[in-house]
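Chain by chain, the residues run as shown.
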Amino acid sequence: MAHADDPAPHGQHDGERSAESHWERYVTRSVEAGAAALGFGIAPVHDRVPAALVRACDRQGLPLVEVPEGTPFTAVARALWQAVTQRRHQALRRLSEAQRTLAAAAAGPNPVPAVLGQLAQRLDAWAVLLDHGGRELAGAGSAPNAELRSELAALTERLRPGPSSVASSAGDLHLSVYGLGGRKPLALGVCAPHRDAVDGSIAAVAVVLLSLLTERRAAAAEERRAAALVRLMLGVPAPEAARLLNGEEKWAVVHGRRRGSAARGPSEGAGRGGRADDPLAAASLAEALGTTLVDLSGDELRALLPLSEERVRDEVRAQQGWALGVSAPVAAGDLDRGDAGAARALRRALAERRPVVRERDGAGADVVSLVAPEDGRALSRTRLAPLDGHPELEDTLRMWLSLNGSWDRTAVALEVHRNTVRQRVARIGRLLGEDLSEQDVRMELWFALKWR
């Protein structure tokens with residue numbers, strides 16, 4: 001509570017103009033001193049709050065509280081302390097809830113977009129991840145106009161190396177950019193209608209999480225990949241180079257395609273919003289799949305998953321918006337076989353509209369394993385010789401048989417019209433001289449394809 005002298009004792013010597021000037025100076029000094037509000041006690045000098053004081057506080061934007069007569073100073077102090085304590089508890093509760101939801105987002109699928117979404121929600125803001133040149137990589141919340149987005153991107157040029165931040169304002173909006181550091185510097189941009197200490201603390205939590213998520217498992221993994229690439233290019237066998245990556249003997253190959261993109265090829269998908277070179281999409285999938293060996297090109301995904309006794313391919317889970325095919329475990333020298341197996345599994349996933357299809361692990365004894373490999377290959381060459389030079393027919397036969405002769409599902413898997421499938425199957429029957437409606441013929445051809 002501030003104390004003020006009466007500008008006009010007994011209202012005798014100073015006129016209305018003098019009172020206005022006195023209270024204006026008083027309120028101005030109070031604001032400059034950092035006063036958050038002004039409490040005015042009624043009596044013994046005044047029986048009401050001076051109108052000139054009310055007007056001065058309105059002009060300065062300083063809250064004015066009338067303290068009733070007989071109110072002790074200790075009561076005012078106690079009320080203030082209670083209000084401050086309540087506000088502090090509310091701030092701590094808000095920060096604690098934000099920390100919990102941000103951490104949960106970072107631990108879930110697609111962590112980078114999820115963290116940005118939670119941050120935007122908690123700050124009622126637009127949150128965006130920027131590269132070192134100010135290019136937007138991912139964002140969440142209601143985006144501002146192009147001019148504000150350009151101004152926010154320009155703030156990245158003022159960031160210092162390492163952890164740093166830059167703030168500015170545009171009208172009623174507050175612009176902030178936080179450097180994430182790392183080997184490939186990124187920045188978090190926030191455009192919000194307000195900014196206080198709690199907002200800054202929440203943003204700091206997001207900065208830490210995004211720094212960890214975008215570092216791409218950093219230096220050690222990159223060095224191992226570089227060493228393996230050098231050895232491969234110099235002619236070292238694939239199994240030896242693979243041991244540099246994870247030291248595992250078995251691998252699974254994963255193929256994926258964005259759902260709803262079956263009719264588009266990789267080049268067409270790459271042109272949709274820059275997906276082909278989106279580092280965050282690849283990073284999110286790498287985190288979800290548990291491997292850094294991810295090749296994301298437009299709507300197409302290929303990944304290598306190291307396997308061990310603790311890590312098995314069954315841990316590959318469905319990813320929102322994707323259809324995945326997972327190969328059977330293969331040695332590093334047989335990755336081409338795993339690649340073909342993953343492609344077949346993906347086609348089945350698309351045809352059957354399943355999120356994940358895993359190629360059957362052929363470790364156990366089956367009919368194929370009971371035949372000597374050289375005998376099986378000889379039978380395959382003889383039985384399927386009429387299809388030599390017609391890879392589209394062989395692929396159609398393989399998919400059609402694997403889908404139990406379903407015209408529609410085969411058409412979806414091969415991305416052709418169902419009438420095209422019918423025409424191809426009819427042509428295959430004529431070339432082979434067989435009736436493909438007979439189960440014995442289908443079974444024999446299926447095993448011939450297995451030995452192919």
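Here, the structure is the one placed above.
Residues numbered from 1 in each chain as written. Predicted model: local features only at pLDDT ≥ 70, side-chain atom pairs only at ≥ 80, totals over all residues. Heavy atoms only, no water.

### Some details on the overall build of the protein chain
A count of helices and strands for the protein chain gives 16 helices and 13 strands. A sequence separation of at least 24 residues applies to 59% of the contacts in the protein chain between residues at least 6 apart. As displayed, the protein chain offers around 25,000 Å² of accessible surface, 52% of which is attributable to carbon and sulfur atoms. (Helix = DSSP H or I, 4+ residues; strand = E, 2+ residues; numbered from the N terminus. Contact = heavy atoms within 4.5 Å. Areas by Shrake-Rupley, 256 points an atom, 1.4 Å probe, with all protein chains shown as cover.)

### Quick look at the packing of helix α11 (residues 335-352) against helix α14 (residues 407-414)
Running from N to C, α11 and α14 cross one another at 125°; their axes reach a closest spacing of 8 Å. The angle between the axes of α11 and α14 places the two elements in the oblique class. Regarding α11 and α14, the two cross each other, and that crossing is right-handed. Within the contact between the two elements, α11 uses Arg347, Leu350, Ala351 and Glu352 and α14 uses Arg409, Val412, Ala413 and Leu414. (Axes fitted to C-alpha atoms, helices over the stretch in contact; angles between N-to-C directions. Parallel < 35°, antiparallel > 145°, perpendicular 65-115°, else oblique. Left-handed = near helix turned anticlockwise from the far one by under 90°.)

### Here's the deal with the pairing of strand β2 (residues 64-67)
For strand β1 (residues 38-41) and β2, the ladder comprises 4 bridges, and the chain directions are parallel. Across the sheet, Gly41 pairs through a bridge with Val67, a residue of β2. Handedness of the β1-helix α2 (residues 51-60)-β2 crossover: right-handed. (Pairing = 2+ DSSP bridges. Right-handed = clockwise from strand over helix to strand, strands pointing away.)

### What about the pairing of strand β8 (residues 250-258)?
The element β8 is extensively covered by neighbouring structure, given that 8 of its 9 residues are classed as buried. In this structure, β8 lies alongside strand β10 (residues 300-307), joined through 8 bridges in antiparallel fashion. By the bridge assignment, His255 is partnered in β10 with Arg302. When β8 meets strand β12 (residues 330-331), the two strands line up antiparallel, connected through 2 bridges. What sits directly across from Trp251, in β12, is Val330. Pairing between β8 and strand β11 (residues 322-326): 5 bridges, direction antiparallel. Along β11, the bridge assignment pairs Arg257 with Ala323. (Buried < 20%, exposed > 50% of the residue type's maximum accessible area, 1.4 Å probe, protein only.)

### Describing the packing of aromatic side chains
The tally for this structure, following the rule as stated, stands at 3 aromatic pairs. Between the aromatic rings of Trp23 and Phe40, the centroid separation amounts to 6.1 Å while the plane-to-plane angle is 70°, which identifies the pairing as edge-to-face. Residue Trp23 is located in helix α1 (residues 16-32), and its partner Phe40 is located in strand β1; the two are separated by 17 residues in the primary sequence. Each member of the pair Trp23 and Phe40 is classed as buried. (Phe/Tyr/Trp six-rings, centres within 6.5 Å; stacked < 30°, edge-to-face > 60°.)

### Thoughts on the nonpolar core
Within the largest apolar cluster, 32 residues are counted, with the highest numbers of intra-cluster contacts made by Leu116, Leu119 and Leu188. Mapped by element, the contributors of at least two residues to this core are α3 (73-107), α4 (111-123), β3 (126-131), β4 (136-140), β6 (173-181), β7 (186-192) and α6 (197-214). If we skip the residues at most four places from it in the chain, Leu188 touches Leu116, Leu119, Ala127, Val128, Ser176, Val177, Tyr178, Leu180, Ala203, Ala206, Val207 and Leu210. Among the nonpolar cores identified, the runner-up in size contains 16 residues, and Leu387, Leu397, Ile428 and Leu445 belong to it. (Core = buried A, V, L, I, M, F, W, Y, C linked by side-chain atoms within 4.5 Å.)

### Remarks on unusual backbone geometry
Of note, the phi angle at Asn404 is positive, near 60°, even though the residue is not glycine. Mapped onto the elements, Asn404 comes out in the loop between α13 (391-402) and α14. The exposure class of Asn404 is exposed, given its relative accessible area of 63%. Despite not being glycine, Glu415 has its phi angle at roughly 60°, a positive value. Relative to the helices and strands, Glu415 is located in the loop between α14 and α15 (418-432). The class of Glu415 is partly exposed, set by a relative accessible area of 38%.

### Here's the deal with the environment of Pro72
As for its position among the elements, Pro72 is in the loop between β2 and α3. Along the chain, Pro72 and Gly41 lie 31 residues apart, while their C-alpha atoms are 9.7 Å from each other.

### A word on the side chain of Ser327
The residue Ser327 is located in the loop between β11 and β12 in this model. Side-chain polar atoms of Ser327 contact the backbone nitrogen of Val253, separated by 2.8 Å. (Polar contact = N/O pair within 3.5 Å; in protein donor to acceptor, adjacent residues only side chain to side chain.)

### Details of the pattern of salt bridges
Under the counting rule described, the total for this entry stands at 17 salt bridges. Taking the shortest distance from any N to any O, the salt bridge between Arg59 and Glu24 comes out at 2.6 Å. On the criterion of sequence distance, the pair formed by Arg59 in helix α2 and Glu24 in helix α1 is long-range, its members being 35 residues apart. Owing to a relative accessible area of 49%, Arg59 belongs among the partly exposed residues under this scheme. A salt bridge links Arg94 to Asp196, with the nearest nitrogen and oxygen atoms 3.9 Å apart. Taken together, the residues span a long stretch of sequence, with Arg94 in helix α3 and Asp196 in the loop between β7 and α6 at a distance of 102 residues. By relative accessible area, Arg94 is classed as partly exposed at 25%. Residues participating in the shared-partner salt-bridge network are Glu20, Glu24, Arg55 and Arg59. (Salt bridge = Lys/Arg side-chain N within 4 Å of Asp/Glu carboxyl O.)

### A few points about helix α5 (residues 146-154)
For α5, the full list of buried residues reads Leu148, Leu152 and Ala153. All buried residues of α5 project into a common sector of 140° when viewed along the axis, lining one side. In α5, the exposed residues that point more than 90 degrees away from the buried face are Ala146 and Glu147. Capping the start of α5, Asn145 holds a side-chain oxygen 3.2 Å from the backbone nitrogen of Glu147, two or three residues further along. (Arc of directions from axis to C-beta.)

### Considering α6
Here α6 spans 26 Å end to end across 18 residues, near enough to the 26 Å set by a 1.5 Å rise per residue. If you check which residues of α6 are buried, you get Val198, Asp199, Ile202, Ala203, Val205, Ala206, Val207, Leu209, Leu210, Ser211, Leu213 and Thr214. Measuring from the side-chain oxygen of the N-cap residue of α6 to the backbone nitrogen of Val198 gives 3.1 Å; that N-cap residue is Asp196. (Expected span 1.5 Å × (residues − 1).)

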